[in-house]
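Each chain, written out:
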Amino acid sequence: MKLKNYIAIVAAGLLFSISACTDLSEPVYDSLPTFGNTLKEVNALRGSTYNTLKTYWPANFLYLQDCGGSMAVTPTRIGGDWYDGGQFREFYMHTWTSQTATIKNAWNAASTAIGTCNYNIQLLENTTVLSESEKATYIATIQGIRDFWIYVMLDNWGNIPLVTSYADRELPLIKPRQEVFNFLVKDVTDLIPSLPDGGPANYGQFTKGSAQFLLAKLYLNAEAWNVTVDGNAWQKCIDACDAIMGMGYIFEPDWETNFGINDRSGEGILTITFSETDTADKNELMRRTLHYQDNYSDGAGYSAWNGICAQPDYVKLFDPADMRYGGEMIKTGSFRIGKRYNITTGALLMTQHNAPLDYTVDMSMMPDSELDKTPWGTVVQEAGARCQKWPYSTSLTEAQGNHFHIFRYTDVYLMKAEALVRGGGDNTEATRLINEIRLRAFNNDNNKTYQSVGLEEIRLERKFEMAWEAYSRQDDIRFGTFEQGAWSASNCPRSVGDYLKLYPISQDAWQTNQNLVQNPGYAAFKK
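These numbers were taken from a predicted model, which means no experiment stands behind them.

Chemist: Is there a simple way to think about the packing of helix α9 (residues 233-245) against helix α13 (residues 409-422) in this case?
Modeler: Angle between the axes and distance between the axes are the two parameters that describe a pair of packed helices. Axis separation between α9 and α13 bottoms out at 9 Å; the angle between their running directions is 150°. Of the possible angle classes, the one that applies to α9 and α13 is roughly antiparallel. Viewed along their axes, α9 and α13 form a crossing whose handedness is left-handed. Here α9 contributes Trp 234, Cys 237, Ile 238, Cys 241, Asp 242, Ile 244 and Met 245 to the contact with α13, which in turn contributes Tyr 409, Val 412, Tyr 413, Met 415, Lys 416, Ala 419, Leu 420 and Arg 422. Classifying every residue of the contact of α9 with α13 by side-chain character gives 12 nonpolar, no polar and three charged.

Chemist: Quick question: what am I supposed to make of the pattern of salt bridges here?
Modeler: Side chains that differ in charge, positive against negative, can pair when their charged atoms come close. In the structure shown here, the tally under the stated rule is 42 salt bridges. Across the pair Asp 298 and Arg 336 runs a salt bridge, and its minimum N-O distance is 3.0 Å. Here Asp 298, found in helix α11 (residues 295-298), pairs with Arg 336, found in strand β8 (residues 335-336); they are 38 residues apart in sequence, far enough to count as distant. Since its relative accessible area comes to 10%, Asp 298 is described here as buried. Among the salt bridges present, the one from Glu 436 reaches Arg 432, with a minimum N-O distance of 3.2 Å. Here Glu 436 pairs with Arg 432, and both are found in helix α14 (residues 427-441), just four residues apart, close to one helical turn. Residue class for Arg 432 comes out partly exposed when judged on its relative accessible area of 40%. Because the salt bridges share partners, they merge into one network encompassing Glu 267, Asp 322, Arg 324, Lys 389, Arg 408, Arg 438, Arg 440, Glu 461, Glu 465 and Glu 469.

Chemist: Got a minute to help me understand the sheet that holds strand β7 (residues 326-327) in this structure?
Modeler: Whether parallel or antiparallel, the strands of a sheet pair through hydrogen bonds between backbone atoms. If you walk across this open sheet you meet the three strands as β7-β8-β12, and the pairing is mixed. Both edges of this open sheet fall to β7 and β12 (386-387), since each of them pairs with a single strand only. Across two bridges, β8 lies against β12 in antiparallel orientation. Residue Phe 335 lies in a different strand from β12, and its bridge partner there is Cys 387.

Chemist: Help me understand the pairing of strand β13 (residues 404-408), please; the structure alone is not making it clear to me.
Modeler: Strand residues, when the strand is regular, have side chains that alternate between the two faces of the sheet. The element β13 is extensively covered by neighbouring structure, given that five of its five residues are classed as buried. Sheet analysis places strand β5 (residues 268-272) next to β13, joined by four bridges and oriented antiparallel. Note on β13: the bridge partner recorded for Ile 272 is Phe 404.

Chemist: Looking at this structure, how should I read the side chain of Arg 473?
Modeler: By the element assignment, Arg 473 lies in helix α16 (residues 472-478). Under the relative-accessibility criterion, Arg 473 is labelled buried at 1%. If we skip the residues at most four places from it in the chain, Arg 473 touches Leu 64, Gln 65, Gly 68, Gly 69, Asp 155, Asn 156, Phe 482, Lys 501, Leu 502 and Tyr 503.

Chemist: When you look at the nonpolar core in this model, what are you seeing that I'm missing?
Modeler: Side chains of nonpolar character tend, in soluble globular proteins, to be buried together. Residues Tyr 56, Phe 148, Trp 149, Trp 157, Phe 335 and Trp 468 are the most contacted members of the largest nonpolar core, which totals 143 residues. Leave out the neighbours within four places in its chain, and Tyr 56 touches Phe 61, Leu 62, Phe 148, Trp 149, Val 152, Phe 404, Ile 406 and Ala 470. Counting residues in hydrophobic clusters, the runner-up holds 12 residues, among them Met 365, Trp 376, Val 379 and Trp 487.

Chemist: Help me understand α9 in this model?
Modeler: Since the α-helix turns once every 3.6 residues, residues separated by three or four places project in the same direction. With 13 residues, α9 extends 18 Å between its outermost C-alpha atoms, agreeing within 8% with the 18 Å of an ideal straight helix rising 1.5 Å per residue. Residues of α9 that are buried: Ala 233, Trp 234, Cys 237, Ile 238, Ala 240, Cys 241 and Ile 244. Along the long axis of α9, the arc covered by the buried residues comes to 160°, so they all point the same way. Its side-chain oxygen 2.9 Å from the backbone nitrogen of Trp 234, Asn 232 forms the N-cap of α9.

Chemist: Sorry, what's going on with the environment of Thr 74 here?
Modeler: Examined against the element boundaries, Thr 74 turns out to sit in the loop between β1 (72-73) and β2 (76-77). In this structure the C-alpha to C-alpha distance between Thr 74 and Asp 155, which are 81 residues apart in sequence, comes to 22 Å. Excluding residues that lie within four positions of it along the chain, Thr 74 makes contacts with Tyr 63, Cys 67, Trp 82, Phe 88, Gly 307, Ile 308 and Trp 376.

Chemist: Whenever I open this one, unusual backbone geometry confuses me. Can you help?
Modeler: One can expect most non-glycine residues to show negative phi and most peptide bonds to be in trans. For the peptide bond that leads from Trp 57 to Pro 58, omega is 5°, which places it in the cis range. Here Pro 58 is to be found in the loop between α2 (39-51) and α3 (61-67). Located in the positive-phi region is Asn 226, a residue other than glycine, with phi close to 60°. Its place among the elements puts Asn 226 in the loop between α8 (208-221) and α9. We classify Asn 226 as exposed; its relative accessible area is 70%.

Chemist: What is the right way to read the packing of aromatic side chains from this model?
Modeler: One pair of aromatic rings is described through two measures. These are the centre distance and the angle between the planes. In total, this model carries 39 aromatic pairs according to the counting rule given. Each ring, one from Tyr 325 and one from Phe 335, has its centre 6.3 Å from the other, and the planes form 65°; the classification is edge-to-face. Of the two residues, Tyr 325 sits in the loop between α12 (312-315) and β7 while Phe 335 sits in strand β8, which places them 10 residues apart along the sequence. Of the two residues, Tyr 325 and Phe 335, both sit in the buried class. Measuring from centroid to centroid gives 5.1 Å for Trp 510 and Phe 525, while their planes differ by 10°, and the two rings are stacked. Pair noted here: Trp 510 is in helix α17 (residues 507-512) and Phe 525 is in the segment after α17, with a separation of 15 residues, a long-range link. Since its relative accessible area comes to 8%, Trp 510 is described here as buried. Taken together, Tyr 56, Phe 61, Trp 107, Phe 148, Trp 149, Tyr 151, Trp 157, Phe 181, Phe 213, Trp 225 and Phe 407 form an aromatic cluster joined through their ring pairs. For Lys 217, the ring lying beneath its charged end belongs to Tyr 471, and the centroid distance is 4.2 Å. The positively charged end of Arg 440 is found above the aromatic ring belonging to Phe 251, 4.0 Å away from the centroid.

Parameters and conventions
Residues numbered from 1 in each chain as written. Predicted model: local features only at pLDDT ≥ 70, side-chain atom pairs only at ≥ 80, totals over all residues. Heavy atoms only, no water. Axes fitted to C-alpha atoms, helices over the stretch in contact; angles between N-to-C directions. Helix = DSSP H or I, 4+ residues; strand = E, 2+ residues; numbered from the N terminus. Parallel < 35°, antiparallel > 145°, perpendicular 65-115°, else oblique. Left-handed = near helix turned anticlockwise from the far one by under 90°. Contact = heavy atoms within 4.5 Å. Nonpolar A, V, L, I, M, F, W, Y, C, P; charged D, E, K, R; others polar. Salt bridge = Lys/Arg side-chain N within 4 Å of Asp/Glu carboxyl O. Buried < 20%, exposed > 50% of the residue type's maximum accessible area, 1.4 Å probe, protein only. Pairing = 2+ DSSP bridges. Core = buried A, V, L, I, M, F, W, Y, C linked by side-chain atoms within 4.5 Å. Expected span 1.5 Å × (residues − 1). Arc of directions from axis to C-beta. Polar contact = N/O pair within 3.5 Å; in protein donor to acceptor, adjacent residues only side chain to side chain. Phe/Tyr/Trp six-rings, centres within 6.5 Å; stacked < 30°, edge-to-face > 60°. Lys NZ or Arg CZ within 6 Å of the ring centre and 35° of its normal.

Written out as structure tokens, the structure reads:
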């Protein structure tokens, strides 16, 4: 069977795996097709599993996590660009619904990925070209990717279908968050002996390091998720972090190494290996954030859409001396700020409204531009600090080649420090970990270090280090700041209520599977 035919059959079968699709006219396959009986086919199965990660960022969960949190915002530009039915206003104002398009797309991406993993696991269970130990490792890595996606759904939606077998064709029921949490803790723990070793040697794979990182995230967020843990969650998080620290990962001495074009950073624990040759599920971050004319400043051939930028108050938290900041005429750091010039002619670039292309940290709604009877209005094209954490190559046209580390080693330092402080542990060790991060960021300036750290210092350090990396919403919930946006000048209040700490389940998903039950606080599904 050709790979393209296999993929088509997978797509048809996913409906019965987790009800991600909405077309009920697809054929039902009573048995699995024969696939995975050559090493090439086995590798294709594994490749299709890892490719599901390319739907995580930046297309879907950058918006759910960073725009739904305090890090980023997608303002409406003059002329209505990026209004998109108000969905990006909904992310900032926390007024999303089950009809919000990006929430529906994100649910579909995650549930489809889980279905792909379950399908591939069953095919590999029947393969004859691997030894039993090889088969166990291949299946464990795919289960690990599936468990990552279940974790993503657990974090964002809480109460979700828990589908762990392709053979189960019944439309799934919603499982409570506690049950899903318990499943993940056990399943991820059980996988560890069969997974490849953690460390740079197995870069790009789901490894023992990936599993321990996932466990650390589960334990770190357990209290915020209102789930119970068998034992001390903070100590279990610390234990998982310590296990990772013994695996040979590298705290890169140069912060920029983590974000370069095709760089194999020693910090990569679970990595999306994007390429400039990708043709589907591409890394199009440059399109999503940069101005329509900004390709001329990079000497590249991409076309941009002038969308997502940083929330102004978030950017103002940074010390400009922090290399993670960026700034005007600086090609590194998290934020592209200031005037942009044509790299060939030296001319100042102009917007379509004949204003200098001068990215400003501050943003203001234009007078009398309010939309939907809310304070939300339009802003000028050049408003907002843009993302430049991952450099843009001069050869860039359709897809960025920068890898994205879903799990990164510096976060292990951050998680361990936080768990130590929350659990009343060794503050000297917590302070050492945070200071190591700060010394790297400030070129070994000891004046930028702390004598002691508390939760506030750790909360801020997470903001400085993890900008644009899809953790803002989760962190804001855990630190109790979820209702606080970081664009005070917008005068757009956020809706309040604990129910908003979960996203609504997609209306499209319910139309396919009416066993789904909407999360509390949201309007009932519309028949």
